[in-house]
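Structural overview for review
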Amino acid sequence: MGFMDDLKKAGKNLSRALKDITGAPFVKEMCGTAANMYRLGWDERNGGNISYLLDEKEVTEYIDLNEVIRTIPLMGVNAADFDVTPLIGKIFIVTGTGKYFKNVEDDPENNLGIVRIAADGKGVELLWGFADGGRPTSEFPAHLMSHMARLKVDPENRVVMHSHPTNTLAMNFVHELDEKKFTHTLWEMCTECIVVFPDGVGILPWMLCGTDEIGRATAKKMEEFRLVVWAMHGIYGAGKTMDETFGLIETVEKAAQIYMLTAHLPRVNTIKDEEMLQLVELFKVKCRKDFLNLK
Ligand code: 2HA
Ligand code: ZN
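Structure report, in brief. (Residues numbered from 1 in each chain as written. Chains lettered and ligands numbered in written order. Predicted model: local features only at pLDDT ≥ 70, side-chain atom pairs only at ≥ 80, totals over all residues. Heavy atoms only, no water.)

1. Looking at the overall build of the protein
Quick note on the threshold: Starting at the N terminus, helices and strands are each numbered in turn, a helix being any DSSP run of H or I of at least four residues and a strand any DSSP run of E of at least two. C-alpha atoms define the radius of gyration, and 2.2 Å times the number of residues to the power 0.38 defines the globule rule. It only takes one pair of heavy atoms within 4.5 Å for two residues to be counted as in contact. Exposure was quantified through the Shrake-Rupley algorithm and a 1.4 Å probe, taking into account, for residues, occlusion by the shown protein chains and nothing else. His is not counted here, nor are the chain ends, while Lys and Arg score as positive and Asp and Glu score as negative. All charge positions are set by atom: Lys at NZ, Arg at CZ, Asp at CG, Glu at CD.
Along the protein, the regular secondary structure elements total 12 helices and 9 strands. The C-alpha radius of gyration computed for the protein amounts to 21 Å, which stays within 12% of the reference 19 Å derived for 295 residues, consistent with globular compactness. Based on the C-alpha atoms only, the size of the protein along its principal axes is roughly 80 × 40 × 35 Å. Across the protein, contacts joining residues at least 24 apart in sequence account for 73% of those joining residues at least 6 apart. Accessible surface for the protein amounts to roughly 14200 Å². Of this, 54% is attributable to carbon and sulfur atoms. Computing the positive centroid from 34 side-chain charges and the negative centroid from 43, the protein places the two 2 Å apart.

Here it is, written out as structure tokens:
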């Protein structure tokens, strides 16, 4: 390197002291959320994954975007075959494949990665994390396709989250997997349900996970729903913020828990459809009216 290059590099480093990334709000949110999900029993072993679309300006406070650590092919369990053009250049923080939510908080640098979708749309550029040679979750294709689908409906969507919440899963085994019936049962279980997820819950039949096919099917559902159940596997949620997305799954799981606590007992009371309609009107949300049984 020549003298002028040295000088330029020194100048660049002097003018831009980078902040400690472990203190970055987006890293702290990933750590806190993974820890909560683990503690709630939703994400055993390597179950679950989160991806979070970051604001490039915010990221530049912590890392040098010109320094690519390595390039990783975009794939789940197979080489990926889908068009990510709308996401080229976008930066995500994402949980790693095979990594345990249990460990994220204590060791973010090995369990999380910050990646930028490469210009050719065939891979991602690692900018930080996955320090032990890791790569993004095997469900990254499903995440990216879901991000693209949600961004079309809501340009502010930033988070996609997958989890295995216990009662939601249990309910999959004993309740009909019909979107209207499943959503309606959840709406009946907690007063706030219809306000929190007025658009209802989409459902996919059991499918092989980690593939582009389940990614495409999830994204198709995401055009209509912010919540998609993967039958007998888990759930996907999407939202503007980590809190909103976590809250969606948390509310479904709470409703499913009440269902599982009561499904085998005689039902004496319920929240009526007319009452749900009052809630929708009071909180001024637009609900899936076709999921109600109004006279
Ligand atoms: O990442 O949950 O669906 C582990 C999983 C796969
Ligand atoms: Zn899973």
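2. Overview of the site of ligand 1
For clarity, the cut-off: Note on definitions. A residue lies near a molecule or strand when any single heavy atom of the residue is within 4 Å of it. Think of it as three bins: nonpolar holds Ala, Val, Leu, Ile, Met, Phe, Trp, Tyr, Cys and Pro, charged holds Asp, Glu, Lys and Arg, and polar takes everything else, Gly as well.
In the vicinity of ligand 1, the contacting residues are Asn46, Gly47, Gly48, Asn49, Glu139, His162, His164 and His233. The residue inventory of the shell around ligand 1, partitioned by class, reads no nonpolar, 7 polar and 1 charged.

3. Concerning the environment of Thr168
Keep this limit in mind: Between N or O atoms, a polar contact is any pair within 3.5 Å; within protein, one atom must be a potential hydrogen donor and the other a potential acceptor, and residues adjacent in sequence are included only when both atoms are from side chains.
Within the secondary structure, Thr168 is located in helix H7 (residues 166–174). A sequence separation of 69 residues divides Thr168 from Gly237, and the C-alpha atoms of the two residues are 13 Å apart. Among the polar contacts made by the side chain of Thr168, one reaches the side chain of Glu253 at a distance of 2.6 Å.

4. Regarding the sheet that holds strand S1 (residues 49–53)
Two modes of strand pairing occur in sheets, parallel and antiparallel, and in both the strands are linked by backbone hydrogen bonds. Keep this limit in mind: At least two DSSP bridges between two strands are needed for those strands to be called paired. Note on geometry: axes are lines fitted to C-alpha atoms, helical ones only across the stretch in contact, with angles between N-to-C directions running from 0 to 180 degrees.
Across the sheet, which stays open at both edges, the 9 strands sit in the order S2-S5-S4-S3-S1-S6-S9-S8-S7 with mixed pairing between neighbours. Whereas interior strands pair on both sides, the edge strands pair on one side only; in this sheet they are strand S2 (70–73) and strand S7 (202–204). The average angle at which neighbouring strand axes cross in this sheet is 25 degrees, direction not considered. The pairing of strand S8 (residues 227–230) with strand S9 (residues 234–239) spans 4 bridges and is antiparallel. Considered in S9, the bridge of Val229 is made with Ile235. Strands in contact with helix H2 (residues 25–39) are S1, strand S3 (91–95), strand S4 (112–117) and strand S6 (159–163); relative to S1, the strand with the most contacts, it is inclined by about 155 degrees.

5. Overview of the packing of H7 against helix H11 (residues 242–262)
Just so we agree on the cut-off: Throughout, the term roughly parallel applies to angles under 35 degrees, roughly antiparallel to angles over 145, roughly perpendicular to angles from 65 to 115, and oblique to all others. Note: crossing handedness is left-handed where the near helix turns anticlockwise from the far helix by less than a right angle, and right-handed where it turns clockwise.
Axis separation between H7 and H11 bottoms out at 7 Å; the angle between their running directions is 50 degrees. Classified by the angle between their axes, H7 and H11 sit oblique to one another. Here H7 runs over H11; the crossing is left-handed. For the pair H7 and H11, contact is made by Thr166, Asn167, Thr168, Ala170, Met171 and Val174 and by Val252, Glu253, Ala256, Gln257, Tyr259 and Met260, respectively. Here the contact of H7 with H11 is built from residues that sort into 7 nonpolar, 4 polar and 1 charged.

6. Quick look at the pattern of salt bridges
Spelled out, the test is: Salt bridges, as used here, are contacts in which a Lys or Arg side-chain nitrogen is within 4 Å of a carboxyl oxygen on Asp or Glu. Only protein chains enter the area calculation, which uses a 1.4 Å probe; residues under 20% of their type maximum are buried, those over 50% are exposed, and those in between are partly exposed.
Inspection of the entire model under this criterion finds 13 salt bridges. In this structure, Lys99 engages Asp132 in a salt bridge whose closest nitrogen and oxygen atoms are separated by 2.8 Å. Of the two residues, Lys99 is situated in the loop between S3 and helix H4 (101–104) and Asp132 in the loop between strand S5 (123–129) and helix H6 (140–153); the sequence distance between them amounts to 33 residues. Note on Lys99: relative accessible area 19%, which makes it buried. Residue classification places Asp132 among the partly exposed residues on the basis of a relative accessible area of 46%. Glu223 is the salt-bridge partner of Lys220, the closest N and O atoms lying 3.0 Å from each other. Owing to a relative accessible area of 54%, Lys220 belongs among the exposed residues under this scheme. Each of Asp199, Arg226 and Glu244 takes part in salt bridges that share partners, so that together they form one network.

7. A short note on the side chain of Arg116
Take Arg116: it is sitting in strand S4. Among the polar contacts listed, one links the side chain of Arg116 to the backbone oxygen of Leu65, at a separation of 3.1 Å. Residue contacts for Arg116: discarding those within four places in its chain leaves Leu65, Val68, Gly89, Lys90, Ile91, Gly123, Val124, Glu125 and Leu127.

8. Some words on the packing of aromatic side chains
What counts is decided by this rule: Here a Phe, Tyr or Trp ring, Trp counted by its six-membered ring, pairs with any other such ring whose centre lies within 6.5 Å, and the pair is stacked when the planes are under 30 degrees apart, edge-to-face when over 60, and tilted otherwise.
A complete count under the given rule lists 6 aromatic pairs for this structure. For the ring pair Trp42 and Phe246, a centre distance of 5.3 Å and an interplane angle of 25 degrees mean the geometry is stacked. In this pair, Trp42 sits in the loop between H2 and S1 while Phe246 sits in helix H11, placing the two residues 204 residues apart along the sequence. Note on Trp42: relative accessible area 3%, which makes it buried. Consider the rings of Phe225 and Phe291, whose centres lie 6.3 Å apart with planes at 25 degrees: the pair is stacked. With Phe225 in the loop between helix H10 (212–222) and S8 and Phe291 in the segment after helix H12 (273–282), the pair connects residues that are 66 residues apart, well separated along the chain.

9. Observations concerning the nonpolar core
Applicable threshold: Residues belong to a common nonpolar core when they are buried Ala, Val, Leu, Ile, Met, Phe, Trp, Tyr or Cys residues joined through side-chain atoms within 4.5 Å.
Counting residues in each nonpolar core, the largest one holds 57 residues, and the members touching the most others are Ile21, Phe26, Ile93, Ile114, Leu186 and Phe197. Here the element with the most residues in this core is H11; it accounts for 8 residues. In this structure Leu186 touches Met171, Cys193, Phe197, Val201, Val252, Ala255 and Ala256, once residues within four positions along its chain are discounted.

Read these as layout, nothing more, since geometry by itself doesn't imply function.
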